[in-house]
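Examination of the molecular architecture
So the chains spell out like this:
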Amino acid sequence: MTRPLSPPPTVPRFPALLLALFLALLLDGLLLLARPMPVAAAMDYAKQVLIGADFHGADLRGVTFNLTNLRDADLSGADLRGASLFGAKLQDADLSGSDLRDATLDSAVFEGTDLRNARLDDAFAFNTKFRGVLIDGADFTNVPLRGDALTSLCAAASGTNPVSGRLTRDTLNCS
């Protein structure tokens, strides 16, 4: 007499489902790490009143300050590479030691502004107003300036930029 075949032993389904869920979450986490991180959008402070604002040492690369009032603002040591300050009012602002390379400064107003030891290489500043600015050690390499602005800047130019090692007078092509 033969015995009827008994069904194979069953494996509890709960641990198998738990293992599958764990592996799915682990794979999803690994895929999340492999994705490129989104680039943060640059801040837009256009047309704002930021009188006396403190941006000391801030990373402001690519930030827009178009037509913004930054009177008495502290932007010393700030990284403003590629920032746009078109038509910004920067009277009595402190931009000493700031990095303004490739920034747009066209039609901005610099009156009593501290630009000592600032880097302005390749910035666009053709219609910018410079009155009573401090520019000791500032680097104006490849900055297009109007004749009247160049004359007043050359009259005040002195010093050497501590980062680029260039003489302020030489970067302005003063005679």
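Being a predicted model, the structure only gives us computed values, none of them experimental.

Some thoughts on the nonpolar core
One finds Phe65, Leu90 and Phe140 to be the most contacted residues of the largest nonpolar core, which totals 41 residues. Top contributing element to this core by residue count: helix α2 (residues 147-156), with three residues. Aside from chain neighbours lying at most four places away, what touches phenylalanine 65 is Tyr45, Ala46, Leu50, Phe55, Leu60, Leu70, Leu80, Ser84, Leu85, Phe86 and Ala88.

Examining the state of the cysteines
Inspection of every chain in the model, using the stated rule, returns one disulfide. The disulfide bridge from cysteine 154 ends at cysteine 174, spanning 2.0 Å between sulfur atoms. Judged by the sign of its S-S torsion, about -90°, the cystine formed by cysteine 154 and cysteine 174 is left-handed. Placement of the pair is cysteine 154 in helix α2 and cysteine 174 in the segment after α3 (168-171), with a sequence separation of 20 residues. Take cysteine 154 and cysteine 174: they sit in the same class, and that class is buried.

With respect to the environment of alanine 138
Mapped onto the elements of the fold, alanine 138 is located in the loop between β2 (129-131) and α2. Remark: the alpha-carbon pair of alanine 138 and leucine 115, spanning 23 residues in sequence, is separated by 6.3 Å. With residues near it in sequence (within four places) discarded, alanine 138 still touches Leu115, Asn117, Ala118, Leu120, Asn161, Thr168 and Thr171.

Focus: the pattern of salt bridges
Tallied over the full model, the rule gives twelve salt bridges. Its salt-bridge partner being arginine 61, residue aspartate 59 comes within 2.5 Å of it at the nearest N-O pair. The salt bridge partner of arginine 101 is aspartate 99, with a shortest N-O separation of 2.6 Å. Take arginine 101: its relative accessible area is 25%, and that puts it in the partly exposed class.

Description of the packing of aromatic side chains
In this description, a pair of aromatic rings is defined by centroid distance and the angle of the planes. With the rule as written, the count across this model stands at five aromatic pairs. Their ring planes at 75° and their centres at 5.6 Å tell us that phenylalanine 55 and phenylalanine 65 sit as a pair that is edge-to-face. Within this pair, whereas phenylalanine 55 is found in the loop between α1 (13-34) and β1 (109-111), its partner phenylalanine 65 is found in the loop between α1 and β1, the two being separated by ten residues in sequence. For phenylalanine 55, a relative accessible area of 12% gives the class buried. Among the residues examined, phenylalanine 65 registers a relative accessible area of 0% and is labelled buried.

The rules behind the values
- Residues numbered from 1 in each chain as written.
- Predicted model: local features only at pLDDT ≥ 70, side-chain atom pairs only at ≥ 80, totals over all residues.
- Heavy atoms only, no water.
- Core = buried A, V, L, I, M, F, W, Y, C linked by side-chain atoms within 4.5 Å.
- Buried < 20%, exposed > 50% of the residue type's maximum accessible area, 1.4 Å probe, protein only.
- Helix = DSSP H or I, 4+ residues; strand = E, 2+ residues; numbered from the N terminus.
- Contact = heavy atoms within 4.5 Å.
- Disulfide = S-S within 2.5 Å.
- Salt bridge = Lys/Arg side-chain N within 4 Å of Asp/Glu carboxyl O.
- Phe/Tyr/Trp six-rings, centres within 6.5 Å; stacked < 30°, edge-to-face > 60°.

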